[in-house]
Amino acid sequence: MAKISLRGVEKRYDGALVLRDCNLEIADREFMVLVGPSGSGKTTLLRIIAGLEHVSAGDVLFDGARVNDVDVGDRDIAMVFQNYGLYPHMSVYDNMAFGLRRRKLAPSDIDARVRRTARMLDIEPLLGRRPRQLSGGQRQRVALGRAIVRDPAVFLLDEPLSNLDAHLRVQMRAEILKVHRAVTATAVYVTHDQVEALTMGDRIVVMNHGRIHQVGTPGELYDAPVDRFVASFIGTPQMGFVDCRIERDGERIALATQAARIVASDTHRHALAAIDATGVTVGIRPECVTLASENEARDADVAVRGTVQAVEMLGAEQYVHVATDAGALTARVPRSRSVKVDEAVTFVASARDVHLFDRETGRALR
Amino acid sequence: MATAVSRHVASARRASRVVQIVAIGLALFWSLAPLYWMLATSFKTELEAARLAPTPWPHAFTSENYRGLFTGELPFLAFFLNTLITCLATAIVAVIIATPAAYALSRARFRLRGTIAYAMLVFRMLPLVVLLAPLYLLLLHAKLLDTHTGLVVGFVTFGLPFAVWMLKSFIDAVPIEIEEAARVDGYTRYQIVRKVVVPLILPGLLTTATFVFMEAWNNLIYPLTFVTTLDKQTLPAALVLTFTGQFKTDWGGMMAAATLTTLPLMIAFFAVQRSMVRGLTSGAVAGA
């Protein structure tokens, strides 16, 4: 059990800044997910928490105590690596017992712990095998077992499911969460897969270019992204964006392009009144738009016309990708609605489902 | 038309195959002919071996030359043991020194790392004789001339750069996550090298040791220079010193001794040839 704090953490490699001013509080027993595209700095941040990398500036605190200079072996952490990092020359049993032997535990205690953990992860029959004799899923379980057998205060996982097939990944997600609940350790989990992040994290840290963009619960990130990057990164398929003009007529504010007409909600009107920009980016999630006739569109808060570029059939529903004169939108529509490529369509949405972003900074306007 | 083209392709393929076989045959002949001559001469009588018109194979087959090595006046067994002991000691010492050096060059990040690594490689390119005078002076002042320890120092000095480079390539191939996992498990660098890295590169250590052993075994000039007492001499130097005389050379005996000198080398090479090639080429292709 441990509370982790990062205060103004920065990391430079050969002068290049790869992490900038990272501030984060991870509560005791929390399952925190670091998510972002390749090169966003999430793994570097995890390695800094582990002690495998030193910070260039800032502090890392465990339960309020500064651990910048505490060696990785003394931080009471356990880590699951992307490529598992199992010791190839040792049996599964020895892989799990290796860390316990370093702590000079009694052999009987080591044996009891290894067997208890192996039972919990259903790998007891594999204890005598070498890592090369195991499947990917089994190796993953052994790596998890090696981490939890030590009963660490902090449990770090670096993209542990990226080498597994889709089916196994879903199964292991549930397994990891079950293990986390059982061990009551604080967990920090790195992934580039936002679905994994949304389904696993108590809270999620969204990172890009070495910067923390937003920290929040999956719901907060989805419903109230702080900027355009978070809005586009969280959610599948991603949010559609259309650049609109701001048309001000006294109190009345409307957003428009040649093909779109959007009546700003009260909240948005206040946000737009506070800025003097002439344009804004409008974001709409696929599930918030519906295909409508020209008549239906006339009375809607939001109406956007465009041409269908592609249709993705997903069984019960389909994603319709539409190009407009000022951006691209995606709509999730029922299978029953027939849509063809190159067809001219009109989308409608409610004003409260619209997200507005500053065109220059990408910050959300609320 | 199609048949004519396929006939042409088939005959071109046949011609290229013939060229390949001839080239391989020539290379094999070039390499194996001296070995064959050594083996054949070792079974010839003294008279037949010294004949001006040489016979391609022994007409009067004899094993007298081999028997003579162990029953004659020359301390052949002592030469053999001298070589074995100095070469084994060289291999062990070289690997013990090279392992931490290779680990540092592979894993540690420090200024001049690349320069030091390449300086070692340059050192390796120097001819054996370049080191002869400095090593002689060093051994003279350390009072190690005419001793097996001095010989081992000489052999190790020359074999070390290659051993470091070869071991570095084996250590490079060990995924860093495995070491990091051991760090997370609480082990120190030294313990990680001992308990994780060394067991993982064991084939590499054996290969490197064998290579250094073979090099030391083949070294003629150092024993000739640093060792003056015949009883302390190694096999290659003893072959030159004892079988060639001012008026007569015992070709049969010399070739029998040469055969027995070559045998351990060939056994050692065939034992590690696979991992030796892997060690020399690792990192040459992605994923290797």
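Calculation notes
Residues numbered from 1 in each chain as written. Chains lettered and ligands numbered in written order. Predicted model: local features only at pLDDT ≥ 70, side-chain atom pairs only at ≥ 80, totals over all residues. Helix = DSSP H or I, 4+ residues; strand = E, 2+ residues; numbered from the N terminus. Buried ≥ 20, exposed ≤ 12 C-beta atoms within 10 Å, placed from the backbone. Contact = placed C-beta atoms within 7 Å. Rg over C-alpha atoms; globule rule 2.2 N^0.38 Å. Axes fitted to C-alpha atoms, helices over the stretch in contact; angles between N-to-C directions. Parallel < 35°, antiparallel > 145°, perpendicular 65-115°, else oblique. Left-handed = near helix turned anticlockwise from the far one by under 90°. Nonpolar A, V, L, I, M, F, W, Y, C, P; charged D, E, K, R; others polar. Pairing = 2+ DSSP bridges. pLDDT = per-residue confidence, 0-100.

Undergrad: Hey, could you go over the overall build of chain A for me, with residue numbers and the actual values?
TA: Looking only at helices and strands, chain A has ten helices and 21 strands in total. Overall size of chain A, expressed as C-alpha extent along the three principal axes, is 80 × 45 × 35 Å. For chain A, the proportion of its 366 residues judged to be buried stands at 42%. Of the contacts made within chain A by residues no fewer than 6 positions apart, 66% connect residues no fewer than 24 positions apart.

Undergrad: Now, about the overall build of chain B: what can you tell me, with residues and values included?
TA: For chain B, the count of helices and strands is 13 helices and zero strands. Going residue by residue from the N terminus, the α and β elements of chain B occur as α-α-α-α-α-α-α-α-α-α-α-α-α. Over its C-alpha atoms chain B spans a radius of gyration of 24 Å, topping by over 25% the 19 Å that the globule rule assigns to 288 residues. Dimensions of chain B, computed from the C-alpha atoms along their principal axes, are close to 85 × 70 × 30 Å. Relative to its 288 residues, chain B shows a buried fraction of 34%. If you take every contact in chain B between residues at least 6 apart in sequence, the share linking residues at least 24 apart comes to 75%.

Undergrad: Lay out unusual backbone geometry with the relevant residues and their values.
TA: Residue and element names in this part refer to chain A. Here the bond from Thr-236 into Pro-237 is cis, since omega is -10°, no more than 30 degrees from zero. As for its position among the elements, Pro-237 is in the loop between α8 (228-233) and β11 (240-249). One non-glycine residue, Asp-14, adopts positive backbone phi at about 50°. Counting through the fold element by element, Asp-14 comes out in the loop between β1 (4-13) and β2 (16-26). Although it is not a glycine, Asp-63 adopts a positive phi angle of roughly 50°. By secondary structure assignment, the location of Asp-63 is in the loop between β4 (57-62) and β5 (65-66).

Undergrad: Lay out the packing of helix α4 (residues 76-107) of chain B against helix α7 (residues 148-172) of chain B with the relevant residues and their values.
TA: All names here are of chain B. Here α4 crosses α7 at 40°, and the two axes come no closer than 6 Å. Regarding the angle of α4 to α7, the classification is oblique. Remark: the crossing between α4 and α7 carries right-handed chirality. For the contact of α4 with α7, the residue count by class is 20 nonpolar, seven polar and two charged.

Undergrad: Which residues make up the pairing of strand β12 (residues 252-256) of chain A, and what are the values?
TA: All names here are of chain A. Relative to β12, β11 runs antiparallel, the two being bridged by five bridges. Within β12, the residue paired with Arg-248 across the bridge is Ile-253. Connecting the antiparallel pair β11 and β12 is a turn made up of two residues, with Gly-250 showing a positive phi of about 65°. Alignment of β12 against strand β13 (residues 260-263), held across three bridges, turns out to be antiparallel. Looking across to β13, one finds that Leu-255 is bridged to Ile-262.

Undergrad: Summarise the sheet that holds β1 of chain A; cite the residues concerned and give the values.
TA: Residue and element names in this part refer to chain A. Reading across the sheet, the four strands line up as β2-β1-β4-β5 and stay open at both edges, with antiparallel pairing between neighbours. Lying at the two open borders of the sheet, with one neighbouring strand each, are β2 and β5. Relative to β5, β4 runs antiparallel, the two sharing two bridges. Opposite Phe-62, over in β5, you have Ala-65 as the bridge partner.

Undergrad: So what's going on with the interface of chain A and chain B? Residues and values would help.
TA: Contacts between chain A and chain B engage 17 residues on the former and 13 residues on the latter. Every element with two or more residues in the side of chain A that touches chain B is listed here: β6 (77-80) and α2 (92-102) of chain A.

Undergrad: Which residues make up the sheet that holds strand β3 (residues 31-35) of chain A, and what values do they have?
TA: Residues and elements named next belong to chain A. Spatially, six strands are ordered β6-β7-β8-β3-β9-β10 in an open sheet, and the strand pairing comes out mixed. Of all the strands in the sheet, just β6 and β10 (211-216) have a single pairing partner and so form its edges. Adjacent strand axes in the sheet meet at a mean angle of 15°, parallel and antiparallel pairs treated alike. Where β3 lies against strand β9 (residues 203-208), four bridges are found, and the strand directions are parallel. Looking across to β9, one finds that Leu-34 is bridged to Val-205.

Undergrad: Requested: an account of the pairing of β1 of chain A, with residues and values cited.
TA: All names here are of chain A. Pairing between β1 and β2: seven bridges, direction antiparallel. Considered in β2, the bridge of Arg-12 is made with Leu-17. Between the end of β1 and the start of β2, which pair antiparallel, lie two residues, with Asp-14 showing a positive phi angle near 50°. In the sheet, β1 pairs with β4 via five bridges, with the strands oriented antiparallel. Considered in β4, the bridge of Arg-7 is made with Asp-59.

Undergrad: So what about the confidence of the model for chain B? Which residues, and what values?
TA: Residue-level pLDDT values for chain B average 87, and 93% of them are 70 or greater. Overall fold confidence (pTM) sits at 0.81, and the ipTM for the predicted complex is 0.85.

Undergrad: Tell me about the environment of Asp-172 of chain B, and please be specific about residues and values.
TA: Residue and element names in this part refer to chain B. Checked against the element boundaries, Asp-172 lands in helix α7. Classification of Asp-172 by C-beta neighbours within 10 Å gives partly exposed; the count is 16. On a C-alpha basis, the gap between Asp-172 and Lys-143 in space is 39 Å, while along the polypeptide they are 29 residues apart.

Undergrad: Go over the environment of Met-239 of chain A, please, and point to the residues and values.
TA: Residue and element names in this part refer to chain A. With respect to the secondary-structure elements, Met-239 resides in the loop between α8 and β11. Residue classification places Met-239 among the buried positions, given that 23 C-beta atoms sit within 10 Å. In sequence terms Met-239 and Arg-228 are eleven residues apart; their C-alpha atoms lie 9.2 Å from each other. Not counting residues up to four positions away in its chain, the partners in contact with Met-239 are Ala-231, Ser-232, Gly-283, Ile-284 and Arg-285.

Undergrad: Provide a residue-level description of the packing of helix α4 (residues 136-148) of chain A against helix α5 (residues 166-183) of chain A, including the pertinent values.
TA: All names here are of chain A. Two elements in contact, α4 and α5, have axes separated by 12 Å at closest approach and are oriented at 15°. Considering the angle they form, α4 stands roughly parallel to α5. At the point where α4 passes α5, the crossing takes the right-handed sense. Every residue of α5 that contacts α4 at Gly-137, Gln-140, Leu-144 and Ile-148 is listed here: Leu-168, Met-172, Ile-176, Val-179 and Val-183. In terms of residue class, the contact of α4 with α5 is built from seven nonpolar, two polar and no charged.

Undergrad: Help me get a handle on the environment of Leu-157 of chain A, residues and values and all.
TA: Residues and elements named next belong to chain A. Counting through the fold element by element, Leu-157 comes out in strand β7 (residues 154-158). Overall, the presence of 26 C-beta atoms within 10 Å leaves Leu-157 in the buried class. Once the C-alpha coordinates of Leu-157 and Ala-187 are considered, the two residues, 30 residues apart in sequence, prove to be 7.6 Å apart.

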